[in-house]
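An overview of the molecular structure
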Amino acid sequence: MGAWAQAFPSKPVTLVVPNPPGGLVDTSARLVAEPLARLIGQSVVVDNKPGASGNLAYQNVAKAAKDGHSLLVSYSGYHIANPILMDKLPWDLKDLTPVGLITVATNVIAVHPTVPANNLKDFIAYAKQNPGKLNYASQGNGSVSHIGTEIFKLQTGVNMVHVPYKGSGQAIADVLAGQVEVFITTPPSVMQHVQSGKLKALAVTGKIRHPGMPQVPTVAEAGLANFELESWVALYAPSGTPPAVLQKLSADVKRSMELPETKQRADAAGIEVRYLSPAETTKVLERETTDWAKAIKAANIKMD
């Protein structure tokens, strides 16, 4: 196994991202790419392969050479929801092995300024009084923003129409234009627009307020108990990658995420650095898969 570690990397490493540029996953990939490249002495390239609800990127890495040079950077929405919601996938969870979890982001309940509500309580009341009038964006069927908003609807009794997009970029553009009024998404997608007044942030869906938007209350502070929505991003390698290569990758990714400069860049982007080992990442996946399966069944979420 030592020979494998010594031979790695022998060429540039590619981080395959199942999302378009912008947003949590792409930002997280770029956070780790630069310091990782310095540590391993090879270029680390971010390759965006959006499409098919993330499955194009998953299939690409699942079938890649098992040598550590092609890695998947993906988030909980695709990794948990797709195997539950889709009967026939071009990949299987057993095709991928974790390198480590790298970042976590809370979500923000953001609305267009034309929505006549300045806090979460008034928004829920308005939505109840106008069933089906409001449209909400998501990053695609089965995404965190889709499932999370459906859970929000169940808990609050509001009726909003789902408008799925292929990633955050197009969704944000339509929310900013007022074509879609509501978007529950991660801070990197909306923070600058909230700060500039182009969008209103009603609440964040984590346990604590977000440092980039300290004026925005948590959902609990805003009066909605028992609703929490958090997204995580992890690195995966093709199963069968030599253990020594995985160990080296995990160690170098951990060092990359622990650098002060990485944390500073993450803070500026509204992302929390939270490295977890491969074993810890697997435990998170197993726990949340159980929770999401219950939520998807309760909300009757289906793929188109």
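Owing to the predicted nature of the structure, the values given are computational and were not obtained by experimental measurement.

About the thresholds
Residues numbered from 1 in each chain as written. Predicted model: local features only at pLDDT ≥ 70, side-chain atom pairs only at ≥ 80, totals over all residues. Heavy atoms only, no water. Salt bridge = Lys/Arg side-chain N within 4 Å of Asp/Glu carboxyl O. Buried < 20%, exposed > 50% of the residue type's maximum accessible area, 1.4 Å probe, protein only. Helix = DSSP H or I, 4+ residues; strand = E, 2+ residues; numbered from the N terminus. Contact = heavy atoms within 4.5 Å. 1 Å grid on protein atoms, 1.4 Å probe; cavity = no way out; pocket = protein on both sides within 12 Å on 5 of 7 lines; lining within 4 Å. Points joined across faces, edges and corners; volume = space filled by probe spheres on them. Nonpolar A, V, L, I, M, F, W, Y, C, P; charged D, E, K, R; others polar. Pairing = 2+ DSSP bridges. Axes fitted to C-alpha atoms, helices over the stretch in contact; angles between N-to-C directions. Parallel < 35°, antiparallel > 145°, perpendicular 65-115°, else oblique. Left-handed = near helix turned anticlockwise from the far one by under 90°. Core = buried A, V, L, I, M, F, W, Y, C linked by side-chain atoms within 4.5 Å. Phe/Tyr/Trp six-rings, centres within 6.5 Å; stacked < 30°, edge-to-face > 60°. Expected span 1.5 Å × (residues − 1). Polar contact = N/O pair within 3.5 Å; in protein donor to acceptor, adjacent residues only side chain to side chain.

A few points about the pattern of salt bridges
Pairing of side chains with opposite charge becomes possible as their charged atoms draw close. Scanning the model with the defined rule gives 15 salt bridges in all. Between Asp47 and Lys49 there is a salt bridge, and its shortest N-O distance comes to 3.6 Å. Among the charged side chains, a network of salt bridges with common partners joins Glu34, Arg38, Glu261 and Arg265.

Brief notes about helix H4 (residues 76–85)
Among the ten residues in H4, eight count as buried, and that is most of the element. On the buried face of H4, the contacting elements are helix H3 (55–62), strand E3 (70–75), strand E4 (96–106), helix H6 (144–156), strand E10 (230–238) and helix H11 (278–299).

A word on empty space enclosed by the protein
Over the atoms, a rolling probe the size of a water molecule traces out where space has been left empty. As enumerated under the stated definition, the model contains one cavity of 30 Å³ or more in all. There is about 110 Å³ of room inside the largest cavity. Asn19, Pro20, Gly22, Gly23, Leu24, Val25, Tyr75, Gln139, Gly167, Ser168, Thr186 and Ser231 together form the lining of the largest cavity. Tallying contributions element by element places helix H2 (residues 23–40) first for the lining of the largest cavity, with three residues. Each residue belonging to the lining of the largest cavity can be placed in one class, and the counts come to four nonpolar, eight polar and no charged.

Observations concerning the pairing of strand E1 (residues 13–17)
The buried fraction of E1 amounts to four of the five residues, a majority that puts the element mostly inside the structure. Two elements, E1 and E3, share three bridges in a ladder whose sense is parallel. Counterpart to Leu15 in the pairing with E3 is Leu71.

Brief notes about the packing of H2 against helix H10 (residues 260–269)
In contact at an axis separation of 10 Å, H2 and H10 are set at 165 degrees when each is read in the N-to-C sense. With respect to each other, H2 and H10 are oriented roughly antiparallel. The handedness of the crossing between H2 and H10 is right-handed. Across from Thr27, Arg30, Leu31, Glu34, Pro35 and Arg38 in H2, the residues of H10 making contact are Glu261, Thr262, Arg265, Ala266 and Ala269. Looking at the contact of H2 with H10 residue by residue, the classes come out as four nonpolar, two polar and five charged.

Focus: the sheet that holds strand E5 (residues 108–111)
Strands sit in the order E7-E6-E8-E5-E9 across an open sheet of five strands; the sheet is mixed. This sheet does not close on itself; its edge strands, each paired only once, are strand E7 (161–164) and strand E9 (200–204). Adjacent strand axes in the sheet meet at a mean angle of 25 degrees, parallel and antiparallel pairs treated alike. In this sheet, E9 lies alongside E5 in antiparallel orientation, the contact comprising four bridges. Looking at E9, one finds that Ile109 is bridged to Ala203.

Quick notes on the nonpolar core
Counting residues in each nonpolar core, the largest one holds 82 residues, and the members touching the most others are Leu15, Leu120, Phe123, Phe152, Trp232 and Val253. No other element matches H2, which puts nine residues into this core. What Phe123 contacts, discounting residues up to four positions off in sequence, is Val111, Val115, Ala117, Leu134, Phe152, Met160, Val182 and Leu202.

Remarks on the packing of aromatic side chains
On inspection of all chains with the given rule, the structure shows four aromatic pairs. Here Phe152 and Phe227 contribute two aromatic rings whose centre-to-centre distance is 5.6 Å and whose plane-to-plane angle is 65 degrees, an arrangement assigned as edge-to-face. Of this pair, Phe152 sits in helix H6 while Phe227 sits in the loop between E9 and E10, placing them 75 residues apart in sequence. Classification of Phe152 as buried rests on a relative accessible area of 1%. Through pairs of rings, three or more aromatic residues link up here, namely Phe123, Phe152 and Phe227.

Let's talk about H11
Structural remark: α-helix, 3.6 residues per turn; residues separated by three or four positions point the same way. Spanning 22 residues, H11 covers 31 Å between terminal C-alpha atoms, matching the ideal 32 Å at 1.5 Å per step. Three or more residues of H11 are buried, namely Thr281, Val284, Leu285, Glu288, Trp292, Ala295, Ile296 and Ala299. Residues of H11 that are buried sit in contact with H4, E4, H6, E10 and strand E11 (272–276). Backbone geometry just downstream of H11 places Asn300 in the positive-phi region, at approximately 55 degrees.

What about the environment of Asn118?
Along the chain, Asn118 turns up in the loop between E5 and helix H5 (120–129). By relative accessible area, which is 66% here, Asn118 ends up exposed. For the pair Asn118 and Ala201, spaced 83 residues apart in sequence, the C-alpha to C-alpha distance is 8.3 Å. Other than its neighbours up to four places away in sequence, Asn118 contacts Lys200 and Leu202. In terms of polar contacts, Asn118 uses its side chain to reach the side chain of Lys200, at 3.2 Å.

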